[in-house]
Amino acid sequence: MGQNPDHQSWVTSREIEEPTPAGALRQGLGLGLGAVAHRELLDFEPQGTKPGAGVGSRHLRALAGGRGGQHPGLTGASGGDQLPVLRFVPPSELVPAIQHQEARHPPLVCPVMPDGPSPPRVRMAPSPTGYVHLGSARTALFNLLFARHEGGCFVLRIDDTDLERNRPEYEQAIYDGFHWLGLEWDEGPDVGGPFGPYRQSERLDLYRELAARLLATGHAYRCYCTREELEAERRRAEQEHRPYRYSRRCLYRPPAGRHEFTVRFRVPEGRTAFTDLVRGKVEVDNDTVGDPVIVKANGWPVYNFSSACDDALMQITHILRGEEHIPNTPVQLMLLDALGMARPRAFCHLPVIVGKDRKKLSKRHHPEVRLGLYQELGYLPEALLNYLALLGWNPGTEQEIFSFDELVSAFDISRVQRSSAMFDWQKLDSINGHYIRRLSDAELAERLLPYLPDLPAATVRAAAPALKERLRRLGDAPGLLSYLGSPPTPPPLTPAQQEMVATAAQALATSEWTPRAIEEALNRLGRERGWSRGALFSPIRWAVAGRVSPPLHDTLALLPKQEALGRLRGALAAAQSKTRGGA
RNA sequence: GGCCCCGUCGUCUAGUGGACUAGGACGCAGCCCUCUCAAGGCUGAGAUCGCGGGUUCGAAUCCCGCCGGGGCUACCA
């Protein structure tokens, strides 16, 4: 970090006159090389290419916009049927052109924030390729906590560049899931903001321009290799026990006559290092990194490219993301450097959340990855949020229960853990139980309603107090109350127990039907007959509920009076006939 | 295989050279309370701080090596 601590170029939302992709691009570029409106640079499709020469090239050309005007930086040798080979022009030769463009389009960079560094901007950039991952929720939470703690801004961006797997409904699932958890963002596709659009699928022209720039400056090249050829290269390397890296065949000897291509970034020599807020310095030798594809054959950018560009363009200052992104970081940094864009101030790679098998939570092996599951099972969002905060972070005190505001003030990014965190249902249950017990009766009843659709609301409200200390999840309520809808099979009763049930039925018949009155009636009966509560209550419970249930007076009161008395009499009748039959 | 990250009770973790007979929480066991189940209270078991070397009067804490686990190694993100 700190390679480009260009705090001068902080841009506030008010100063941005043109919240369009092009405007944002100019500002982003302004961070580094100065604003360049390089419309002509875009046309990285060489002259003379036959139209419709493959999906990729068509797509790129279409989005590049311009008709192939002459540009000093790009020289495509024209040729008949053969696709011309692009000549890469060294950056030094481009300088006059850039200056020229600059004169026509003065930079839009707005110097603001006179004193001190600008407040941080962080982002969460999920891709709508499936249900919301628990790890995404945790990452979003840490970003949010960091932003709020530092008085910064939390951005939600949708990284939807995977055409094959994206689904619009999954984007909605992200909003729903995050809203459910109480995660709110300041800028995003649904709420807007000065750095939009916030959906990568709507920023394609930007990536195209940036890719063209990389191509023009020789930082990138077209790769015409087929997937099969690439696969063969990979296999060969494996057989020869050699670490695989792309051979750069298309950089040196591109095959002729092919039309479909990807764009690869040419990884420079040297080493790339960055500072991670919790791990310290991380450094890699660039030649352990193969030239990555940055634009797919269908013209869409690859994550590593679009994400890095957008982070810079959206002026994201701190990147908090999962540990699985550590290997991506050097590539993104090299890309930014090549583009002359500012690097983020800092990175923080959060430990992965692992399952019982110590492996990263995955769709295939861990049902607990799915955020929606927690809602279904009846976890309180505030409890899950609290638990998630503790997964990979701790305040350094013994406090474990936090409101959101408490988390915000306690959150200190340097206390993020380095080692992976194992997901633990029991700990979650315990925290959830704690939050349930803290709810008021009315609030609990309200939250319980969706989990007890078959019960009248009045019954749910009446049950809430008795349930409160017995629930670990709201979804446990139907089980605890299932006796209401299904009478137990009549239990075997000793003659003494039969007498207890019979007299209890009598006493209860004249009792008011409230927990309080029932309790008093039963206690009086026990005192009069010399029966202990344990002795008296058990047969009644078996007759009425047949299983573990709330305190007896609540168990009875939740049932309609006639139903309760009917069950008592029914159990009695069954036991008596059995006794007679057996005798 | 290569690159990178990590390594304190079963789990989440406190700990940054002496206050460590390594603390807390979840879970577990026992007891108390008690109409079942919970909740609550108390008590307890549980970690030779991955291993081996150093440095130091002294190391969980610093250094080196090893081992183990994980992540990444896609025209996924």
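Let us look at the structure shown here. The model shown is predicted, which means the values in this text are computed figures rather than measured ones.

## Quick word on the protein's contact with RNA strand B
Then, in step 1: By nearness alone, 58 residues border RNA strand B, and Arg279, Lys296, Glu400, Glu469 and Arg470 come closest of all.
Then, in step 2: Here the atoms of RNA strand B within 4 Å of the protein split so that 75% fall in sugar or phosphate, with bases taking the remainder.
Then, in step 3: Measuring from a sugar or linking oxygen of RNA strand B, one finds a side-chain N or O atom of Arg227 at 3.1 Å.
Then, in step 4: Contact between RNA strand B and Lys360: a phosphate oxygen at 2.9 Å from a side-chain N or O atom of the residue.
Then, in step 5: Elements with a contribution of two residues or more to the surface near RNA strand B: helix H7 (227-239), strand S8 (280-285), helix H14 (425-438), helix H20 (533-544) and helix H21 (552-557).
Then, in step 6: Residues that form the surface near RNA strand B fall into these classes: 17 nonpolar, 16 polar and 25 charged.

## Focus: the pattern of salt bridges
Then, in step 1: Under the definition given, this model contains 31 salt bridges.
Then, in step 2: A salt bridge links Arg199 to Glu171; the shortest N-O distance between them is 2.4 Å. Taken together, the positions of Arg199 in the loop between helix H5 (168-181) and helix H6 (204-216) and Glu171 in helix H5 put the pair 28 residues apart, joining distant regions of the chain.
Then, in step 3: For Arg271, the salt bridge goes to Asp285, with nearest N and O atoms at 3.6 Å. One end of the pair, Arg271, is in strand S7 (residues 271-276); the other, Asp285, is in strand S8, and 14 residues separate them in sequence.

## Points about the packing of aromatic side chains
Then, in step 1: Scanning the entire structure with this criterion turns up 13 aromatic pairs.
Then, in step 2: Ring geometry for Phe274 and Phe347: centres 5.4 Å apart, planes at 65°, overall edge-to-face. Here Phe347 lies in strand S11 (residues 346-350) and Phe274 lies in strand S7, a separation of 73 residues in the sequence.
Then, in step 3: For Phe274, a relative accessible area of 3% translates into the label buried.
Then, in step 4: Here Phe347 falls in the buried class, since its relative accessible area comes to 4%.
Then, in step 5: Clustering of aromatic rings is evident, with ring pairs tying together Tyr374, Tyr379, Tyr387, Phe423 and Trp425.
Then, in step 6: Cation over ring: Arg222 sits above Phe261, and NZ or CZ is 4.2 Å from the ring centre.
Then, in step 7: The ring of Tyr131 carries Lys363 above its face, with NZ or CZ at 5.4 Å from the centroid.

## Quick notes on empty space enclosed by the protein
Then, in step 1: By the definition in use, this model includes two cavities of 30 Å³ or more.
Then, in step 2: Considered as a void within the structure, the second largest cavity measures approximately 30 Å³ in volume.
Then, in step 3: Considering the residues around the second largest cavity, the lining is formed by Ala308, Asp311, Ile319, Gln332, Leu336, Pro344 and Phe347.
Then, in step 4: Residues of the lining of the second largest cavity, tallied by class, amount to five nonpolar, one polar and one charged.

## Topic: the sheet that holds strand S5 (residues 220-223)
Then, in step 1: The three strands lie next to each other as S5-S6-S9, forming an open sheet whose pairing is antiparallel. Looking at the sheet topology across the chains shown, the edges are occupied by S5 and strand S9 (293-295). The average angle at which neighbouring strand axes cross in this sheet is 45°, direction not considered.
Then, in step 2: Sheet analysis places S5 next to strand S6 (residues 262-265), joined by four bridges and oriented antiparallel. Considered in S6, the bridge of Cys223 is made with Thr262.
Then, in step 3: Most of the contacts of H6 go to S5, to which it runs at about 100°, and overall it touches S5, S6 and S9.

## Looking at unusual backbone geometry
Then, in step 1: The peptide bond linking Gly196 to Pro197 adopts the cis configuration, its omega dihedral lying at -5°.
Then, in step 2: Here Pro197 lies in the loop between H5 and H6.
Then, in step 3: Within the chain, His241 stands out as a residue other than glycine whose phi angle is a positive 55°.
Then, in step 4: Here His241 is to be found in the loop between H7 and helix H8 (249-252).
Then, in step 5: On the basis of relative accessible area, His241 is assigned to the exposed category, the value being 74%.
Then, in step 6: Positioned with a positive phi, Arg358 is a non-glycine residue whose angle comes to about 70°.
Then, in step 7: Inspection of the secondary structure assignment puts Arg358 in the loop between strand S12 (353-354) and helix H11 (371-377).

## Digging into H20
Then, in step 1: The first and last C-alpha atoms of H20 sit 16 Å apart over 12 residues, in line with the 16 Å expected at 1.5 Å per residue.
Then, in step 2: Taken together, the buried positions of H20 are Leu536, Phe537, Pro539, Ile540, Ala543 and Val544. Across the axial projection of H20, the buried residues extend over an arc of 165°, all falling on one side.
Then, in step 3: Among the residues trailing H20, Gly546 stands out with phi positive, at a value near 75°.

What counts as what
- Residues numbered from 1 in each chain as written.
- Chains lettered and ligands numbered in written order.
- Predicted model: local features only at pLDDT ≥ 70, side-chain atom pairs only at ≥ 80, totals over all residues.
- Heavy atoms only, no water.
- Near = heavy atom within 4 Å.
- Polar contact = N/O pair within 3.5 Å; in protein donor to acceptor, adjacent residues only side chain to side chain.
- Helix = DSSP H or I, 4+ residues; strand = E, 2+ residues; numbered from the N terminus.
- Nonpolar A, V, L, I, M, F, W, Y, C, P; charged D, E, K, R; others polar.
- Salt bridge = Lys/Arg side-chain N within 4 Å of Asp/Glu carboxyl O.
- Phe/Tyr/Trp six-rings, centres within 6.5 Å; stacked < 30°, edge-to-face > 60°.
- Buried < 20%, exposed > 50% of the residue type's maximum accessible area, 1.4 Å probe, protein only.
- Lys NZ or Arg CZ within 6 Å of the ring centre and 35° of its normal.
- 1 Å grid on protein atoms, 1.4 Å probe; cavity = no way out; pocket = protein on both sides within 12 Å on 5 of 7 lines; lining within 4 Å.
- Points joined across faces, edges and corners; volume = space filled by probe spheres on them.
- Pairing = 2+ DSSP bridges.
- Axes fitted to C-alpha atoms, helices over the stretch in contact; angles between N-to-C directions.
- Contact = heavy atoms within 4.5 Å.
- Expected span 1.5 Å × (residues − 1).
- Arc of directions from axis to C-beta.

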